[in-house]
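Understanding the architecture of this molecule
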Amino acid sequence: MKKSIFLFVIFIVISLLFINNKKEIKKENEVRGVFISYIELNEMIKDKDKTTSKNNIKKCLKNIKSNYFNTIFLQVRSHNDSIYKSKLYETSDNIILNDNTYYDVLNYFIKESKKYNIDLYIWINPFRLGKKYINNSYKYGDYYYYNPANKETNKIIINGIKELIDYYKFKGIIFDDYFYVSDDIDKEEYSKINNTSLKEFHLNNITNFIKDVHDNIKSKNKDILFGISPSGNIDNLYNKDYVDIKKLTSSNKYLDFVMPQVYYGFYNKNMPFLQTIKRWDNISNIKIIYALSFYKVGNIDNYSLTGSNEWIDNNNIIQRELILTRNTKNYIGFSIYRYDNLFNKDYFNTNTIIELNNLKKTLKK
């Protein structure tokens, strides 16, 4: 008990030192996002009739709007598939109705989001494919992945983005954190290189790919925003995922914003939340939207080590994290991972409602 009180006091002191001047946040300019993944789509749509599935989408958007959020990050391609009418990708299993048909779920989300004045971002997993082999793919674990060094598959990804821009109107695009899954994925390409290390080769491949995506998006529509949502661990990003985040956030010629997954508590031994967001704010010269981990609310966090019970013992962590991120210099908003943890009762625990209500108090002001 004494240790908990001591740690809380330390948190308050550090927080006060961190927030020298309270940053003014205008509600209309703040991104208040919720991630809607293929898991939610599966629950809302798969094996339902058309009317029921559309009512579920309406209920989803109503929940988001009535709880003071204004943005959704909708996963339109999670495994080399689509929740829209595509000439390039197979239809996602997650939107197949009970009569074995489907409708354009993305188009319906866009239409309904406008009614609630909710901004919609397209969420894509560019390299993760699925459990079925596709040409030029590499198997790692249970899934196949595209090789970031392969120019042909990179063009396929970019053509998929162009298709979306041609037929749909949306606020922006984000990539999730699947970049390099293995050092062996591009052995063939690297064997032809003799003037750089393997690590530099990997880093350059991701940087060049992101730059290529950015330029193609802007050539189609300069108003569409482009960002990535990588791991919150900057060192792992550079050394394992091979994302040179310092370079990518050095200017807006690569990205319009970055959305680090800072899925940590305040007492996480290796990645304490406050120090982590300070580091992100210090390295980035572009806007930041922080991804926050509502899925940890009320649960044991075994990866945290020293703070494993933090999300059980406290019920205002997300609220406190929001307040702190708001006072960083590059902050433009946040997004909650994910919708079900906020609004699906099957995912609720003793802390869920209290944590959400505490968050709403801050959003309401």
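In what follows, the accompanying structure is described. (Residues numbered from 1 in each chain as written. Predicted model: local features only at pLDDT ≥ 70, side-chain atom pairs only at ≥ 80, totals over all residues. Heavy atoms only, no water.)

1. Quick word on the nonpolar core
By size, the foremost hydrophobic cluster in this structure holds 96 residues, and its most contacted members are L106, F109, F175, I210 and I228. Looking at which element gives the most residues to this core, the answer is helix α7 (residues 198-220), with seven residues. Those residues in contact with F109 that lie beyond four places of it in its chain are I36, L41, M44, I57, L61, I72, L74 and L120. Of all hydrophobic cores here, the second largest spans eleven residues; its members include V31, F73, Y263 and I289. (Core = buried A, V, L, I, M, F, W, Y, C linked by side-chain atoms within 4.5 Å. Buried < 20%, exposed > 50% of the residue type's maximum accessible area, 1.4 Å probe, protein only. Helix = DSSP H or I, 4+ residues; strand = E, 2+ residues; numbered from the N terminus. Contact = heavy atoms within 4.5 Å.)

2. Focus on empty space enclosed by the protein
Sizing a probe to match a water molecule and rolling it over the atoms shows the empty space that remains. One pass over the structure, following the stated rule, counts one cavity of 30 Å³ or more. Along the walls of the largest cavity sit R77, N80, Y89, N125, P126, R128, L129, Y146 and I157, which together make up its complete lining. Class assignment for the residues of the lining of the largest cavity results in five nonpolar, two polar and two charged. (1 Å grid on protein atoms, 1.4 Å probe; cavity = no way out; pocket = protein on both sides within 12 Å on 5 of 7 lines; lining within 4 Å. Points joined across faces, edges and corners; volume = space filled by probe spheres on them. Nonpolar A, V, L, I, M, F, W, Y, C, P; charged D, E, K, R; others polar.)

3. So, helix α3 (residues 50-66)
With 17 residues, α3 should reach 24 Å at 1.5 Å per residue; the first-to-last C-alpha distance of 24 Å fits that figure. Where α3 is concerned, the buried positions are S53, I57, C60, L61, N63 and I64. When α3 is viewed along its axis, its buried side chains cluster within an angular range of 155° and face the same direction. Across from the buried face of α3, at angles greater than 90 degrees, the exposed residues are T51, K59 and K62. Lining the buried residues of α3 we find β1 (31-36), α2 (38-44), β2 (71-77), α4 (105-115) and α13 (339-343). (Expected span 1.5 Å × (residues − 1). Arc of directions from axis to C-beta.)

4. Brief notes about the packing of aromatic side chains
The description of an aromatic ring pair uses the distance of the two centres, along with the angle that the planes make with each other. All told, the structure shown has 21 aromatic pairs when counted by the stated rule. On the basis of an interplanar angle of 35° and a centroid distance of 5.5 Å, the ring pair of F35 and F73 is categorised as tilted. Highlighted residues: F35 in strand β1 and F73 in strand β2, separated in sequence by 38 residues. Assigned by exposure class, F35 and F73 land together as buried. Ring centres of Y263 and Y295 lie 5.5 Å apart, and the angle between their planes is 85°; this geometry places the pair in the edge-to-face category. Within this pair, whereas Y263 is found in the loop between β11 (257-258) and α10 (273-283), its partner Y295 is found in the loop between β12 (287-293) and α11 (310-313), the two being separated by 32 residues in sequence. The exposure class assigned to Y295 is partly exposed, which follows from its relative accessible area of 30%. Of the aromatic side chains, those joined through ring pairs into one cluster are F35, F73, Y121, W123, F257, Y263, Y295 and Y337. Above the face of the Y143 ring, K131 is positioned so that its terminal group lies 5.8 Å from the ring centre. (Phe/Tyr/Trp six-rings, centres within 6.5 Å; stacked < 30°, edge-to-face > 60°. Lys NZ or Arg CZ within 6 Å of the ring centre and 35° of its normal.)

5. Observations regarding unusual backbone geometry
The linkage connecting Y337 with the following residue, R338, adopts the cis geometry, with an omega of 0°. Its identity is not glycine, yet Y68 carries a phi of approximately 75°, on the positive side. Along the polypeptide, Y68 turns up in the loop between α3 and β2. Take Y68: its relative accessible area is 30%, and that puts it in the partly exposed class. Even without being a glycine, Y242 presents a positive backbone phi close to 60°. Checked against the element boundaries, Y242 lands in the loop between α8 (234-241) and α9 (245-248). On the basis of relative accessible area, Y242 is assigned to the buried category, the value being 7%.

Shape descriptors only; they carry no functional weight alone.
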